[in-house]
Amino acid sequence: MHEFQYTKAGDVGQAVTSVSPNGAKFVAGGTTLIDLMKLEVERPKLLVDINGLPLDRIEPDGGGLKIGALVRNSDLAHDEQVQRLYPVLSQALLSGASPQLRNMATTGGNLLQRTRCYYFRDVNYACNKRNPGSGCSAMEGYNRIHAVLGTSSHCIATHPSDMAVAMMALGATIFVTGPKGDRSIPITKFYLLPGTTPDRENVLAAGEIITHVTLPPPAQNAKSHYLKRRDRASYEFALASAAVIVELDGRKIRKAQVAMGGVGTIPWRSPEAEHELTGAEASERNFRRAAEAALRGAKAHKDNGFKIELAKRTLVRALQTVTQA
Ligand SMILES: Cc1cc2nc3c(=O)[nH]c(=O)nc-3n(C[C@H](O)[C@H](O)[C@H](O)COP(=O)(O)OP(=O)(O)OC[C@H]3O[C@@H](n4cnc5c(N)ncnc54)[C@H](O)[C@@H]3O)c2cc1C
Ligand code: SF4
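Before going into details, it helps to say that this report is about the structure given with it. (Residues numbered from 1 in each chain as written. Chains lettered and ligands numbered in written order. Predicted model: local features only at pLDDT ≥ 70, side-chain atom pairs only at ≥ 80, totals over all residues. Heavy atoms only, no water.)

**Describing the packing of aromatic side chains**
Part 1 of the argument: Applying the stated criterion across every chain yields a total of four aromatic pairs.
Part 2 of the argument: Judged by centre distance (5.9 Å) and plane angle (80°), the rings of Y118 and Y119 are edge-to-face.
Part 3 of the argument: A relative accessible area of 11% places Y119 in the buried class.
Part 4 of the argument: Seen in terms of ring centroids, Y118 and Y142 are 5.9 Å apart; in terms of plane orientation they differ by 10°. Their pairing is stacked. Of the two residues, Y118 sits in the loop between α7 (107-111) and α8 (137-140) while Y142 sits in the loop between α8 and α9 (163-170), which places them 24 residues apart along the sequence.
Part 5 of the argument: Here the aromatic cluster, defined as three or more aromatic residues joined through ring pairs, consists of Y118, Y119, Y125 and Y142. (Phe/Tyr/Trp six-rings, centres within 6.5 Å; stacked < 30°, edge-to-face > 60°. Buried < 20%, exposed > 50% of the residue type's maximum accessible area, 1.4 Å probe, protein only. Helix = DSSP H or I, 4+ residues; strand = E, 2+ residues; numbered from the N terminus.)

See below:
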């Protein structure tokens, strides 16, 4: 069994310093990391427990919301402000995992959860994400749950988070601190496409910790919705999902924000769909045009071609729901 050390961080600075040495990792809810350690996919030398840090508050922030990195998924989903101002986020959170997992899982950990690709999670298979340069077993293997957008010849794994898809549609900003100080990163710039380096999943530098996430103020008459399609009704990851935020002027769409899950190698914002929808009449025909635009660049592999049509229908249905009078 792999040996590791365990330590509790007293403050953010100590957490950052402790995790900066090579091979150390933060642990928050542990629902991704401890699983992967049991599978020997992750083998940190030092685990730094950040649960004691004062990062567990949800606070108003200039008309928007500031969400601490240690806010539990359950607390966020049931927060009165989130339910009232950002229903898409509450719905996305409640569609994920199980109540027990949501009670443990944190905002920071959810953003950084790893892919559910079977071959990534089994050390007996070649996987460029786990072991750079070793190959991709999913490419010619069983790839029903894999991505159709943002893929490369090195990796076709999906990003599994529901919450991140809602935050992508909302235009969240991620705040981090690290050995070189503080910085903020728009979520649209946070995740990295696999390209030739699928082991690099986001722009976090070594030792950086997510401290909080902010959401911009919602438009007064905006309505939002999250729709998730999966193999069973609960406790299952998305095959396709859509997070939509729409501002209507009568039946005309003044503004639309669209993101998709289950289909992209990263939580997938779709400017193409948004462009089709802006200024258009709220009609099934226009929703279908937006869906066609969103999936235009999709590339199917052996077992996942069905996702392209499923994702289109999911987006159309989400738009129908959110624009209902
Ligand atoms: C059976 C099962 C079903 C699931 N179903 C779904 C689902 O349907 N939808 C869905 O979206 N998710 C699902 N999940 C995933 C779950 O949402 C994630 O495991 C959870 O959100 C991770 O949060 P955590 O706090 O437990 O992270 P941890 O496991 O503690 O950490 C995850 C990663 O983030 C890093 N980290 C954590 N916090 C910080 C921080 N503040 N700064 C920097 N790094 C940090 C850790 O070092 C680690 O690398 C499921 C999980 C399981 C086990
Ligand atoms: S799809 Fe990505 S995560 Fe899965 S085996 Fe290939 S390289 Fe690994």
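Still more ground to cover, so stick around.
**Remarks on the pattern of salt bridges**
Part 1 of the argument: Evaluation of the coordinates by the stated rule reveals 19 salt bridges.
Part 2 of the argument: Linking E80 and R84 is a salt bridge whose minimum nitrogen-to-oxygen distance equals 2.6 Å. Taken together, the residues E80 and R84, both in helix α4 (residues 80-85) and four residues apart, mark about one turn of the helix.
Part 3 of the argument: Here D303 ties to K302 by a salt bridge, and the two come within 3.0 Å at their closest N and O atoms.
Part 4 of the argument: The class for K302 is exposed, based on a relative accessible area of 57%.
Part 5 of the argument: Each of K25, E42, R114, K129 and E201 takes part in one network of salt bridges that share partners. (Salt bridge = Lys/Arg side-chain N within 4 Å of Asp/Glu carboxyl O.)

Limitation: the analysis is restricted to geometry and does not speak to function.
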